Structures are given as structure tokens and as C-alpha cells.
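Report on the structure
Given next are the chains, with one letter for each unit.
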Amino acid sequence: MPDAAQHASPAAPAFSTVAEGDLTLDDHEAIAAMLARTFEAYDHWYAGARSWAGMQPELRVVARDGDVVVAHAGLRRQFVTVGETDLLVTAVGMVAVSPTAQGTGLGGALLRHVDAALERLGSRFGLLETGEAVQGFYRRAGWLPLGDASEDAVTGHAVTGHAVTGHAVTGHYTAFSADGAGVLVSQDEGWLIREVGATAAEWPAGDIRWNGQMV
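Notes on the structure in this doc start here.

Parameters at a glance
- Residues numbered from 1 in each chain as written.
- Predicted model: local features only at pLDDT ≥ 70, side-chain atom pairs only at ≥ 80, totals over all residues.
- Heavy atoms only, no water.
- Helix = DSSP H or I, 4+ residues; strand = E, 2+ residues; numbered from the N terminus.
- Buried < 20%, exposed > 50% of the residue type's maximum accessible area, 1.4 Å probe, protein only.
- Contact = heavy atoms within 4.5 Å.
- Areas by Shrake-Rupley, 256 points an atom, 1.4 Å probe, with all protein chains shown as cover.
- Polar contact = N/O pair within 3.5 Å; in protein donor to acceptor, adjacent residues only side chain to side chain.
- Core = buried A, V, L, I, M, F, W, Y, C linked by side-chain atoms within 4.5 Å.
- Expected span 1.5 Å × (residues − 1).
- Salt bridge = Lys/Arg side-chain N within 4 Å of Asp/Glu carboxyl O.
- Patch = residues over 30% accessible without salt bridge, like charges linked within 9 Å, V, L, I, M, F, W, Y side chains within 5 Å.
- Lys, Arg positive; Asp, Glu negative; His and termini not counted.
- Charge placed at Lys NZ, Arg CZ, Asp CG, Glu CD.
- Phe/Tyr/Trp six-rings, centres within 6.5 Å; stacked < 30°, edge-to-face > 60°.
- 1 Å grid on protein atoms, 1.4 Å probe; cavity = no way out; pocket = protein on both sides within 12 Å on 5 of 7 lines; lining within 4 Å.
- Points joined across faces, edges and corners; volume = space filled by probe spheres on them.
- Nonpolar A, V, L, I, M, F, W, Y, C, P; charged D, E, K, R; others polar.

1. What about the overall build of the protein?
When its secondary structure is counted, the protein shows three helices and 12 strands. For the protein, the proportion of its 215 residues judged to be buried stands at 44%. Considering only intrachain contacts with a sequence separation of at least 6, the fraction spanning at least 24 residues in the protein is 61%. Just so you have it, the protein exposes about 10,900 Å², and 52% of that area is on carbon and sulfur atoms.

Encoded structure:
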């Protein structure tokens, strides 16, 4: 008779939400290794135990398959200036699923855990910037694009931009080179918000100034 264990479904990756100060050196090394595999164009940043490229997160959402990190997102509360308004948001960045686990539904599970972490941190909005090719992934999870009406790259359906903004939004932030030089970067698209303690109608009008680095 076949061993039932041979036909058992593999265990799903285990998620945890960890404060930055509670990460061990091994944790940082495992996260950095996964981020380097996922973001090959930026793998020079994720070397050794350096598990961040911009500002270090406050919380990490991490999924592990055994001892191997297979998904990750970083979150940090910070003030940004939107138009003339100083606004506390939770910045979300380094959202990644290992190439070996993509297409398994793990990304959707990751964003659900990010939502829980946003609630835990208690700011009014989550905020992130991402490329056009993956915006549909975030929109399907409830993230709302700032700016003009656009088309979902996956469904091809029109997606209405933010009702208050109604026009292109530019975000300004500081990027650092490997030798530590700061360079002002202006990004004209790809900004998305997640409603947490407020509604999208309460998002201020105007461009975004991070006054520093992004996560």
C-alpha cells in the first residue's frame, strides 16, 4: 500500500511579520539572498547581510519555505509632503516573490499579510511606487493608482485614476549611489495608495515629496 506521506501536499510557506530590530544576521542574509535573486538589476545592493536598498524598513513581512525566504515586503511609517500637506503614510517596498515561487498565488498571500501589517502600524494610507507591468497585481489587491485614467495591463480594462487627483502625479525622492552620493529622482507614474485609516477621497491633491529615501 502506498505511503500516504508520499502523496501529501507540500506545506505552504510560513509567513511572519517581524520588527526590524528583531531580525538576526542570518535573517538579513536570507532576505538579501532572495532579493538579489528576484531583483537581478539591483543585486549589487543586496550583498551579504545588506537586506535593503533604500531606507531600512520598520517591519518585514517574510515567507519561508523551511529555512529559505521565498517572499518579502518591507514597511515603514514616515511623513511625506503631498501638495502642501504633511501626511503620515506607511511606505511599502521591496515587495518580492522568489522566481522559484512565482505563479503559485504566493504574491496574493503576501499582499494580504501586508494589509494586516498596515493595520498594525496604524497610518492612514499605504504608499508605494511600482512599474507599469505589475500595477495590475496591486490593483487587484485593492491598491488604488494616483493620476489619470489608465488601462490594466492584465485585463485591458480602463482603470480610473484617483478621483481627487485626476491628473498625473509626480513623486520626488532621494536615491543614493553605491558611494553614498544623493541624487534627486522624479517619478511621473506608478504611484499607488492603499486605504487604511482613511478613504481615497481624503488623499490630498498635489505631487509627492518624500524628503528622503523610499523603502
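2. Focus on the side chain of H28
Looking at the element boundaries, H28 is found in helix α1 (residues 25–38). Taking relative accessible area as the criterion, H28 reaches 12% and is therefore assigned buried. Reaching out from H28, the side chain makes a polar contact with the side chain of S51 at a distance of 2.7 Å. Setting aside chain neighbours within four positions, we find H28 in contact with E20, L23, G48, A49, S51, W52 and R60.

3. Focus: the nonpolar core
With 34 residues, the main nonpolar core has L127, W191, W203, I208 and W210 as its most contacted residues. Residue assignment for this core shows that the elements contributing at least two residues are α1, β3 (68–82), β4 (85–97), β5 (125–129) and β11 (191–195). At six residues, the largest contribution of residues to this core is made by α1. A63, A71, V95 and V114 belong to the second largest nonpolar core, which has 23 residues in total.

4. Details of α1
With 14 residues, α1 ought to run about 20 Å at 1.5 Å a step, and its terminal C-alpha atoms sit 20 Å apart, in line with that. Buried within α1 are the following residues: D27, H28, A30, I31, A32, M34, L35 and A36. Elements that come into contact with the buried residues of α1 comprise β2 (59–65), β3 and β4.

5. Structural notes on the pattern of salt bridges
As enumerated under the stated definition, the model contains five salt bridges in all. For R124, the salt bridge is made with E202, and the minimal N-O distance between the two is 2.8 Å. With R124 in the loop between α2 (106–121) and β5 and E202 in the loop between β11 and β12 (208–209), this pair connects stretches of sequence that are 78 residues apart. The exposure class assigned to R124 is partly exposed, which follows from its relative accessible area of 33%.

6. Quick look at a negative patch on the surface
A cluster of acidic residues, E132, D188, E189 and D207, forms a negative patch on the protein surface. Note that E132 resides in the loop between β5 and α3 (135–140). The exposed category is assigned to E132, whose relative accessible area is 56%.

7. So, the packing of aromatic side chains
For the coordinates displayed, the defined rule picks out four aromatic pairs. The interplanar angle of 70° and the centroid separation of 5.1 Å between the aromatic rings of F137 and Y138 together place this pair among those described as edge-to-face. With a relative accessible area of 6%, Y138 lands in the buried category. With 6.2 Å between their ring centres and 35° between their planes, W191 and W210 make a pair best called tilted. Within this pair, whereas W191 is found in strand β11, its partner W210 is found in the segment after β12, the two being separated by 19 residues in sequence. Overall, W191 belongs to the buried group, its relative accessible area being 1%. You can call W210 buried: its relative accessible area is 2%.

8. A short note on the layout of surface pockets
Quantified by volume, the largest pocket comes out at close to 1,100 Å³. Together, 40 residues line the largest pocket, and F39, Y42, M94, E129 and V215 are the ones closest to its centre. Mapped onto the lining of the largest pocket, the elements with two or more residues apiece are β4, α2, β5, α3 and β9 (171–176). It is β4 that provides the largest number of residues to the lining of the largest pocket, a total of seven residues. Within the lining of the largest pocket, the residues separate by chemical class into 27 nonpolar, 12 polar and one charged.

Treat this as a map of the structure, not an account of what it does.
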